[in-house]
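# Observations on chain architecture
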Amino acid sequence: MTQPSDLAADAPTHVIVGDGITAFAFLETGRFAPGERVVVVGRQATQLGRGAAYATGEAGTPWRYAYLLNSPADDIDPAFARWLSQNWDRIVDRMQGRSPDWLSMAAPLVAAGDTYGVNAPREFYGDFMAERLEEIVHRLQKTGVSVSFLTDEAVSLKQSQDGLLIGLASGGTLRARSVDVAPGGPSTMRIDGDDGPFAAPSVFGHEHRIARHIEAGEEIFCIGGNAAMLDVLRLCQSLLADDDIRFVACAPDGEVPPPLVPRLPRRMTQPRLTTGHATADSFLAEVGAEIDRARADGDEMREIRAGFRAHFLDTPLSVYVPDLNEARRVPGTLRLWLRGGTRDTIQDMHRLIGAGRARVMQGLVAGVEHGPDGAVVRLVDATGTETLYQTGFVVNCAGAGPNSRFDPLTADLLRQGLIDLCPVTRGLRVGEACRTGLAAVRYLSPSVTQIGDDVMAMPLYDAHMLRAYVDRSGGRALTTPDD
Ligand SMILES: Cc1cc2nc3c(=O)[nH]c(=O)nc-3n(C[C@H](O)[C@H](O)[C@H](O)COP(=O)(O)OP(=O)(O)OC[C@H]3O[C@@H](n4cnc5c(N)ncnc54)[C@H](O)[C@@H]3O)c2cc1C
């Protein structure tokens, strides 16, 4: 692959910012002319496609391959499911003897001929994309398009007479005719005291420290009940036998999400919804009734969630709720109603709850204090009453929230008003086809909640949806009229 220093200074340049699956999709679907050069700028640019979710794990650690995709492989990407099936022997080799015993959890599906249904380790999805990336770069190079990878952080963007100027954290500047920005979502929200002797602000990148406390037999307390909490449970399972685990998850609703269980033959709920709702409440009442109907027909959360996702990809929310302000009130509720997670881990979690090794508490964590040999968590219940809870080690799995921070380029685009924040969803708004205030710049990340006049009915923290929206955004950003 070409390095940026090899590039002819005058060749027209398209810049892609980010190294996750959205940036990958911008490269994959881009329509580039012969002679054009494309520069991918990312914190780990050569790992394009992996991003935060599908990163290469640390060799030799027990928790490598422990973190799983939240959905059956074919719900993420049918091409990935095929790849898994074709590489199955290699995967069995890699997963042999690992704890938790992923191969045993996969065995019933494999026996039924349904490898497409497994919750694959996330790193394998990254491996699949690494292979795809080689093919894409090769294809582009054959047509005279050069692709290079620049490990750096984009911090600013402005339009000049010479084109778009992208400022880099290293101090340099890139000039481009068009830019696609795909920097991922904002940071996890910070909670007072979440980084200290007995607390980590995230599981990712803090595994060694957390592992020492798990191995010492301490209780591990997760703030939040979603996907990252399930990763912490897998981290515990990779280090200890079930009987030695002590695990607590604290979530506002006190619930574990339902598992997404694949069944054969695959089917999806087909929502029947009427158009022209004047209010979010009226539409949500109808969606609620459709979910109840689907359940009564025997559909489980995988079928319901996949069905609604496919439906809203085909039919935007504006068809049902034309008033934008009302439409913006829909996703918050749908996110809760349609949430689901990794089959393997959720089933393990219930087993561990049954065995008294894990439990779920209801409440909000207001802060963490550090004692001489453990943490004290300040919990607030639904009535606003604060109580204290003594535990071993706390991991912040709360996800994005009010004090989350965007990456510097997103912050710069917001400052310039090229994209903006929706006051209702607190997500980002971009224009039609992911365009920003500059026609030659597109933006897409999981934190986008509105594209043009379409409010996203379901959150974009979903690889399939991000790829779908890149695909329909038209191949590449418009270039400026004089190009
Ligand atoms: C831990 C985790 C697990 C997940 N699991 C699943 C799952 O199982 N299934 C699913 O469908 N979805 C999952 N998701 C949701 C996920 O957000 C999307 O699926 C998708 O991976 C997001 O891709 P992205 O490219 O938009 O963002 P990211 O994957 O976040 O990638 C953005 C990348 O850009 C880099 N970057 C950011 N700012 C800059 C900048 N200014 N300059 C240069 N580089 C920058 C970042 O370092 C990052 O690597 C998961 C997310 C996380 C965080």
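Everything that follows concerns the structure shown earlier in this document.
## So, the pairing of strand β14 (residues 386-391)
Summarising the sheet, strand β13 (residues 375-380) and β14 pair through 6 bridges and their orientation is antiparallel. Within β14, the residue paired with V376 across the bridge is Q390. Following β13, the chain reverses through 5 residues before pairing antiparallel with β14; G384 in that reversal takes a positive phi of roughly 90 degrees.

## Topic: the site of the ligand
Near the ligand there are 31 residues, and of these D19, T22, N70, A154 and A463 occur at the shortest range. A distance of 2.9 Å is found between an oxygen atom of the ligand and a backbone nitrogen or oxygen belonging to I21. Separating an oxygen atom of the ligand from a backbone N or O atom of A52 is a distance of 3.1 Å. In isolation the ligand has 960 Å² of accessible area, and contact with the protein removes 88% of it. Listing elements by their share of the shell around the ligand, those giving two or more residues are α1 (21-29), β2 (37-42) and α16 (463-471). When the residues that make up the shell around the ligand are grouped by side-chain class, the tally is 17 nonpolar, 7 polar and 7 charged.

## Considerations on the pairing of strand β3 (residues 146-151)
In terms of residue burial, β3 counts as a mostly covered element, since 5 of its 6 residues are buried. Bridge analysis of β2 against β3 gives 6 bridges, and the strand direction is parallel. Opposite R37, over in β3, you have S146 as the bridge partner.

## Some thoughts on the side chain of H277
In this structure, H277 sits in the loop between β10 (247-251) and α9 (280-296). Of the polar contacts made by the side chain of H277, one reaches the side chain of E286; its length is 3.3 Å. The residues touching H277, leaving out its near neighbours within four places in the chain, are S282, F283, E286, Y320, V321 and P322.

## Things to note about the sheet that holds strand β16 (residues 420-421)
On the basis of which strands lie adjacent, the open sheet formed by 4 strands has the order β16-β17-β19-β20 and mixed pairing. Both edges of this open sheet fall to β16 and β20 (454-455), since each of them pairs with a single strand only. Taken together, the 2 bridges between β16 and strand β17 (residues 428-430) define a ladder with antiparallel strand orientation. Bridged to D420 within β17 is R429.

## Digging into the sheet that holds strand β8 (residues 199-200)
Strand order in the open sheet made by the 5 strands is β8-β15-β9-β10-β11, with parallel pairing throughout. The open sheet has two edge strands with one neighbour each: β8 and β11 (358-362). As paired strands, strand β9 (residues 220-223) and strand β15 (residues 393-396) are joined by 4 bridges and run parallel to one another. By the bridge assignment for β15, C222 is matched with V395.

## Topic: the nonpolar core
Ranked by size, the top nonpolar core spans 102 residues in total, and within it L27, F80, Y125, V179, F312 and L444 carry the most contacts. Among the elements that make up this core, the one with the highest residue count is helix α6 (residues 122-142) (8 residues). For L27, the contacting residues outside a window of four places in its chain are I16, F32, V38, L48, L133, I136, L140 and V147. Judged by nonpolar contacts, the second largest core, of 45 residues, contains I214, C236, L240 and F393.

Rules and cut-offs
Residue positions are counted from 1 within each chain, in the order its sequence is given. Per-residue local features are limited, in this predicted model, to residues with pLDDT of at least 70; the limit for side-chain atom pairs, both in listing and counting, is 80 or more; totals at the level of whole chains, interfaces and linings are taken over all residues. Note that the side-chain values use all heavy atoms of the structure and ignore hydrogens as well as water. For two strands to be treated as a pair, DSSP must find at least two bridges joining them. The secondary structure listing takes helices from DSSP runs of H or I that are at least 4 residues long and strands from runs of E that are at least 2 residues long, numbered from the N terminus. Only a single heavy atom is needed: when it lies within 4 Å of a molecule or strand, its residue is near that molecule or strand. Polar contacts, as used here, are pairs of N or O atoms within 3.5 Å; protein pairs need one atom able to donate a hydrogen and one able to accept it. Residues neighboring in sequence count only if both atoms are side-chain atoms. Areas reported here follow the Shrake-Rupley algorithm with a probe of radius 1.4 Å; residue values treat only the protein chains shown as occluding. Gly is put with the polar residues, along with every residue not named as nonpolar or charged; the nonpolar set is Ala, Val, Leu, Ile, Met, Phe, Trp, Tyr, Cys and Pro, and the charged set is Asp, Glu, Lys and Arg. Any residue under 20% of the maximum accessible area for its type is buried, any over 50% is exposed, and the rest in between are partly exposed; the area is computed with a 1.4 Å probe on protein chains only. A contact between two residues is defined here by any heavy atoms of the two lying within 4.5 Å. Remark: nonpolar core denotes a set of buried residues (Ala, Val, Leu, Ile, Met, Phe, Trp, Tyr, Cys) joined through side-chain atoms within 4.5 Å.

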